[in-house]
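Listed here are the chains, written in short residue letters.
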Amino acid sequence: MSKTFDRREAIGLVGAVAYLTAADMAKAAEKAGTPFLHGVASGDPLQDRVILWTRVTPVDPASGPMRVDWEIASDPGFRHVVKRGDLTADAARDFTAKVDVTGLKPGSVYHYRFRCNGSVSPVGRTQTLPERGVKDMVLAVASCALYSGGFFNAYREIARLDRVDVVLHLGDYIYEYGGAPDQLGMSIGSKIGRAPTPLNEAISLADYRERHACYRLDADLQAAHARAPWICVWDDHEAANDDWTGGAQDHQPNEGDWKVRAAASVKAYYEWIPIREPAPGRPPEAINRTFELGDLATLVMVENRLVGRSRQVELRNPHDVTWQVVDVSDPAAPKIVTDPTLARSVLGAVARGEAVPAPYAVRVDPDSIRRALADPSRTILGEAQEQWLRDQIRGSVKAGKPWQIIGNQVVMARTTGVDIVGSMGPERWAEALRSMAPQLRPWVAQLATLPPDIPFEFDGWNGYPAARKRMDSILAEAGASPIVLSGDSHAFWVNELRDGAHRLVAAEIGTTAITSSSLGNMLGNVELGPAFADACDEVLFCNHLTKGFTLVTLSAEEARVDLMGVTTVLSRDYQPLVLKRYRIRRGAGGGVEPIIEV
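Small disclaimer: the values here were computed from a predicted structure and weren't measured. (Residues numbered from 1 in each chain as written. Predicted model: local features only at pLDDT ≥ 70, side-chain atom pairs only at ≥ 80, totals over all residues. Heavy atoms only, no water.)

Trainee: Help me out: how do you make sense of the overall build of the protein in this one?
Mentor: Looking only at helices and strands, the protein has 16 helices and 27 strands in total. By the compact-globule yardstick of 25 Å for 598 residues, the protein fits well, its C-alpha radius of gyration being 24 Å. Along the first, second and third principal axes, the C-alpha set of the protein runs to 80 × 60 × 45 Å. In the protein, buried positions account for 59% of the 598 residues. Pairs at least 24 residues apart make up 71% of the contacts formed inside the protein by residues separated by at least 6 positions. When the accessible surface of the protein is summed, it comes to about 23,300 Å², and 53% of that surface belongs to carbon and sulfur atoms. In the protein, the 66 positive side-chain charges and the 75 negative ones have mean positions that sit 5 Å from each other. (Helix = DSSP H or I, 4+ residues; strand = E, 2+ residues; numbered from the N terminus. Rg over C-alpha atoms; globule rule 2.2 N^0.38 Å. Buried < 20%, exposed > 50% of the residue type's maximum accessible area, 1.4 Å probe, protein only. Contact = heavy atoms within 4.5 Å. Areas by Shrake-Rupley, 256 points an atom, 1.4 Å probe, with all protein chains shown as cover. Lys, Arg positive; Asp, Glu negative; His and termini not counted. Charge placed at Lys NZ, Arg CZ, Asp CG, Glu CD.)

Have a look at this one:
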C-alpha cells in the first residue's frame, strides 16, 4: 500500500476527455462510435474484490443491449491480465456497466479498462484493501460538489496526489437544483459557464440520470475516479435538500409522490456510482456498510437520510416553532403583538416575501425551538441502524483494531449559534441581508436574534440532541478510539466530541466543500470560523471560506490530518494549499487524546 503515483500520470488516466456539455454527447457518440465519454471508476474495495464501473454512450439512445468487455491487470500496460470478462449495458440501467471483480489479492494495486464496439476506455487505477501488517493508509475525504458553484479543482488535486489509497465521498455528489438563473449556485455558474443539465430541478429518474451524466463529463472528476477506488454515501442533495424518511424540504406537493422521487434518485445513484449492489432482501436505501482497513481500522459508513432520520426542525414549519410579531416602536422595549389579526397580517406579508411593515419585526420564540428539539424520539440513524453501529464498533474494538472510523454525512459536534453581526459588523450584515432574495431575508435575519444555545443549524446532529447522546454512549461504552469524518457543512471543522461526563469520546474532522458555498460565502465572504471556534466548546478550528478536501493518514500510533485547500473555484487558474495540519492519538482506555496542531 506504499506505492507512489506520478502526478502527471493522474490526469492522463482519463485520456483526452474534453469538458463536454450534455448537448455534445450525441455528436461525440456519432463521431467516435461508442465512446466512454463518462470515464471509468472503481469503488467499494474489499480484500479480495472491487467494483469496476463505466458507461457507454450509444449513438442511438434507443439502442438495444450492448456488450462491454472488461479486463483488470497487475500492470498499467496490461501485460499481466489477471481477470477479464464481459457484461451488458442497456437502457434499463442507463447504459452504465458495473462488475464486482472477485478473486483478487489483498493490498494490491490493479489497472482496468473496458472495450465496446471497437472503442477502448481510459485506464483506471484501483486497489484492494489490505489484510494484515498494515503500516499506514491514506484517505482523501470529499463532499459537496455543486456543479454551478465552481470548477472541480479539488478533484483535480485528489487525482494528482502522490498517494491515496481510498477516496471517501460523504455526500452531495450531485445537487438536484437546476440551471435557471434563480437556482442555487447560478449566480456563479452563469458567469463561469457552469450550468447543470437538465436545466430544470431533478425530480424524475430521467432527470437524475442526466444530472449524474452532466457531472461525470467533468474531466477533473473523471481523473479523481480513475486515480483510486471510492467509497461513497449520499447526503441529501442526491435526492432533495433536507430529506428524511418521509419527505424533504425541497420536495413540494406539485412535484409528485416523494417515495417515487426518492426511489428514482436511489436507482440513478446505484447506476452511476461505483457502489456494490444491495444484497438480496436488503432495501437499496440502506447503504450503511463496513470496510476493514486491514488490522489498522474499521471504517463504518452510516446512512443518515433515508433509513431512519426524523424530520428536521424547521423555522418555517408552524408545527415546530412559533413566530412572534414584535412592536419595535421603542427598540429598547420591544413588545410582543397579542392581536391575532394583526399578527397574521404581518406574518402573511413575510411569507409572501414582502417587507415587514413598520413598526413591526418578526422573531422566533426560542422556547418553541427548544421544545421541538428536546423530543427524545427524534433520530438521525433510526433504532435499527443505531444497534447495527453499536455492533460494528464493539466488534472492531474486540478485534483489536486501533481505530474506528465513522463516515458520517452531517457535522456531529455541538455547534451553537454565534454572534454573526458582531463578526461581520452591522453595516456588512445589513448589506448581506439587502442582497438576499426577499423570501430568504426574514429567515436568515433570525440568525441575529436567536439565543446562543440554539443550534447553528438543525440538519446536523446538534439538531437531534437525544440521538447525539446515544451516539456518545455507543462510542464510550465500547472503549473505541473513533475518528468521525463528516461532510455537508461546506466548511472545515476540527472538533473534540465530549459526552455528558466531559470525556473526549471522539475526534471529528469535517471536510469542506469541493465547490458549494458556506454561510460565510453567502453573507459576503466573511470568515465565520473563528467565531464558531470561540463560541462552541467542542470546536477547535473552523474555516468557512476555503474549498478543498481532507487528507487523513492513518497509522497504528496516530492519525495525521491535512486540510487541503485550493485558492479559488471560480477559475481553473488556482493554487493548492495546506490550510492546517493536525495529529490525533488514541486515548488510554478508549477515546482520543486532545487534538494537536502541527
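Back to the text.
Trainee: Can you help me understand the packing of helix α10 (residues 383–398) against helix α14 (residues 465–477) in this one?
Mentor: When two helices pack together, their arrangement is captured by the angle between the axes and the distance separating the axes. Here α10 crosses α14 at 20°, and the two axes come no closer than 9 Å. Relative to α14, the element α10 lies roughly parallel. The chirality of how α10 crosses α14 is right-handed. Residue-level inspection shows E386, L389, R390 and I393 of α10 in contact with α14, the latter providing R470, M471, I474 and L475. Here the contact of α10 with α14 is built from residues that sort into five nonpolar, no polar and three charged. (Axes fitted to C-alpha atoms, helices over the stretch in contact; angles between N-to-C directions. Parallel < 35°, antiparallel > 145°, perpendicular 65-115°, else oblique. Left-handed = near helix turned anticlockwise from the far one by under 90°. Nonpolar A, V, L, I, M, F, W, Y, C, P; charged D, E, K, R; others polar.)

Trainee: For this particular structure, what's the right way to read the environment of F291?
Mentor: Summarising the element assignment, F291 is placed in strand β14 (residues 289–293). The class for F291 is buried, based on a relative accessible area of 2%. Excluding its chain neighbours within four sequence positions, the residues that come into contact with F291 are D44, P45, L46, L129, I231, A297, T298, L299 and M301.

Trainee: Would you mind showing me how to read the nonpolar core here?
Mentor: For soluble globular proteins, the rule of thumb is that nonpolar side chains tend to be buried together. Y155, I158, W403, L485, L554 and I584 are the most contacted members of the largest nonpolar core, which totals 82 residues. A total of seven residues in this core trace back to one element, the largest contributor, which is helix α7 (residues 258–272). Judged by nonpolar contacts, the second largest core, of 43 residues, contains A467, M471, V484 and L528. (Core = buried A, V, L, I, M, F, W, Y, C linked by side-chain atoms within 4.5 Å.)

Trainee: Would you mind going over the pattern of salt bridges with me for this structure?
Mentor: Any two side chains of opposite charge can pair, given that their charged atoms come close. Scanning all chains against the criterion turns up 45 salt bridges. The partner of R49 in a salt bridge is D48, and the shortest N-O contact between them spans 3.1 Å. With relative accessibility at 29%, the residue D48 sits in the partly exposed group. (Salt bridge = Lys/Arg side-chain N within 4 Å of Asp/Glu carboxyl O.)

Trainee: Whenever I open this one, the sheet that holds strand β18 (residues 360–364) confuses me. Can you help?
Mentor: Consider a sheet: its strands pair through backbone hydrogen bonds, and that pairing is either parallel or antiparallel. Pairing is antiparallel across the open sheet formed by three strands, whose spatial order is β17-β16-β18. A single partner strand is all that each edge strand has here, and the edge strands are β17 (335–336) and β18. Of the pairings in the sheet, the one linking strand β16 (residues 323–327) to β17 comprises two bridges and is antiparallel in character. Bridge pairing in β17 places D327 opposite K335. Packed on one face of the sheet, helix α8 (residues 340–351) meets β16 and β18 and runs near 80° to β18. (Pairing = 2+ DSSP bridges.)

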